[in-house]
Amino acid sequence: MIEKICDKIVKRMLVHQLIDEKRQEIYHYMLQVLIEKWIGYLLLFLVALLLGKVPEILLFVCSYAVLRKYSGGYHCKTFLGCTVLSVVTSVAVAFAAPVLSGYVVLHRGLLTVSVLVLLLAGAVNHPDMDWSFDEFSKAKVRSRIMTVVLFIIILLLMILKFSRSYIVCVSM
């Protein structure tokens, strides 16, 4: 269905000479990715509203999306699979955070291990990403930078005595 919508939009763009015919496939792909991301985020927000977990899911998704952009990793084969996995993961984090926040030593231990793994690995080149050597090298550097930035944010949240549950959401 999304593909058909993108087809219609791109055809109209061609008719109105807004895009070059040679770049039709690129615009179709970019539009499809954009629509799918918006649908995914909208669905996550609706689930968060229904569950009364808006801050938790918003904090998790923001920190995870920023890091995930550069760190690579597992990619689902379909939009539906990606959406379902994203919603399930976000909901699991939102409900696990209050529990894990009660175990400060465990949380900080897991955080330390996670930061170390991300700093050592940098990024993972999943076959569906298929980064070139140069793209992969840049992704590793960016992933490490984002790991340090997120770690500093988490430390600041701890120093400012934000809710432990919210801190766990950012750190997961």
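Notes on the structure follow. The structure displayed is predicted, hence computed values, not measured ones. (Residues numbered from 1 in each chain as written. Predicted model: local features only at pLDDT ≥ 70, side-chain atom pairs only at ≥ 80, totals over all residues. Heavy atoms only, no water.)

### Quick word on the packing of helix α5 (residues 104-121) against helix α7 (residues 164-171)
Put simply, α5 and α7 touch, their axes get as near as 11 Å, and they point 20° apart. Taken together, α5 and α7 sit at an angle that is classed as roughly parallel. When you trace α5 past α7, the crossing you get is left-handed. Of the residues in α7, those in contact with Val104, His107 and Leu111 of α5 are Arg164, Ile167, Val168 and Ser171. (Axes fitted to C-alpha atoms, helices over the stretch in contact; angles between N-to-C directions. Helix = DSSP H or I, 4+ residues; strand = E, 2+ residues; numbered from the N terminus. Parallel < 35°, antiparallel > 145°, perpendicular 65-115°, else oblique. Left-handed = near helix turned anticlockwise from the far one by under 90°. Contact = heavy atoms within 4.5 Å.)

### With respect to the environment of glutamate 56
Topologically, glutamate 56 is positioned in helix α3 (residues 54-71). In contact with glutamate 56, other than residues within four places in its own chain, are Ala94, Tyr166 and Cys169.

### Looking at α5
The terminal C-alpha atoms of α5 lie 25 Å apart, and with 18 residues this matches the ideal 26 Å at 1.5 Å per residue to within 8%. Of the surrounding secondary structure, the elements contacted by the buried residues of α5 are α4 (79-100), α6 (133-159) and α7. Of the residues one or two after α5, glycine 122 is the one with positive phi, at around 80°. (Expected span 1.5 Å × (residues − 1).)

### A short note on the packing of aromatic side chains
The geometry of two aromatic rings is summed up by the distance between their centres and the angle between their planes. A full pass over the atoms with the stated rule returns 2 aromatic pairs. When the centroid spacing of 5.2 Å and the interplanar angle of 20° are considered together, the rings of phenylalanine 60 and tyrosine 64 count as stacked. Taken together, the residues span about one helical turn, with phenylalanine 60 and tyrosine 64 both in helix α3 at a distance of 4 residues. Residue classification places phenylalanine 60 among the buried residues on the basis of a relative accessible area of 3%. Assessed through its relative accessible area of 39%, tyrosine 64 is described here as partly exposed. Here the basic side chain of lysine 53 rests over the ring of phenylalanine 95, its NZ or CZ set 4.7 Å away from the ring centre. (Phe/Tyr/Trp six-rings, centres within 6.5 Å; stacked < 30°, edge-to-face > 60°. Buried < 20%, exposed > 50% of the residue type's maximum accessible area, 1.4 Å probe, protein only. Lys NZ or Arg CZ within 6 Å of the ring centre and 35° of its normal.)

### What about unusual backbone geometry?
You will see that glutamine 17, though not glycine, has its phi angle at about 55°, which is positive. Tracing the sequence through the fold places glutamine 17 in the loop between α1 (2-15) and α2 (24-51). Unusually for a residue other than glycine, lysine 161 sits at a positive phi of about 60°.

### What to know about the packing of α6 against α7
Direction vectors running N to C along α6 and α7 enclose 175°, while the axes themselves pass 10 Å from each other. For the element pair α6 / α7, the angle class is roughly antiparallel. Judged by residue contacts, Ile154, Leu157 and Met158 of α6 engage Ile167, Val170 and Ser171 from α7. Classifying every residue of the contact of α6 with α7 by side-chain character gives 5 nonpolar, 1 polar and no charged. (Nonpolar A, V, L, I, M, F, W, Y, C, P; charged D, E, K, R; others polar.)

### Quick look at the nonpolar core
Core analysis: the biggest nonpolar cluster contains 13 residues, and Leu44, Ile57, Phe60, Val61 and Cys169 have the highest contact counts within it. Contributing elements (two or more residues each) for this core: α2, α3, α4 and α7. Tallying contributions element by element places α4 first for this core, with 5 residues. Dropping the residues within four chain positions of it, cysteine 169 is found in contact with Glu56, Leu59, Phe60, Ser63, Val93 and Ala97. By size, the runner-up hydrophobic cluster in this structure holds 7 residues, among which are Leu111, Val115, Ile154 and Val170. (Core = buried A, V, L, I, M, F, W, Y, C linked by side-chain atoms within 4.5 Å.)

### Focus on the pattern of salt bridges
It is possible for side chains of opposite charge to pair when their charged atoms get near one another. By the definition in use, this model includes 1 salt bridge. Aspartate 134 serves as the salt-bridge partner of lysine 138, at 3.4 Å between the closest nitrogen and oxygen. Of this pair, lysine 138 and aspartate 134 both sit in helix α6, 4 residues apart, which is roughly one turn of the helix. (Salt bridge = Lys/Arg side-chain N within 4 Å of Asp/Glu carboxyl O.)

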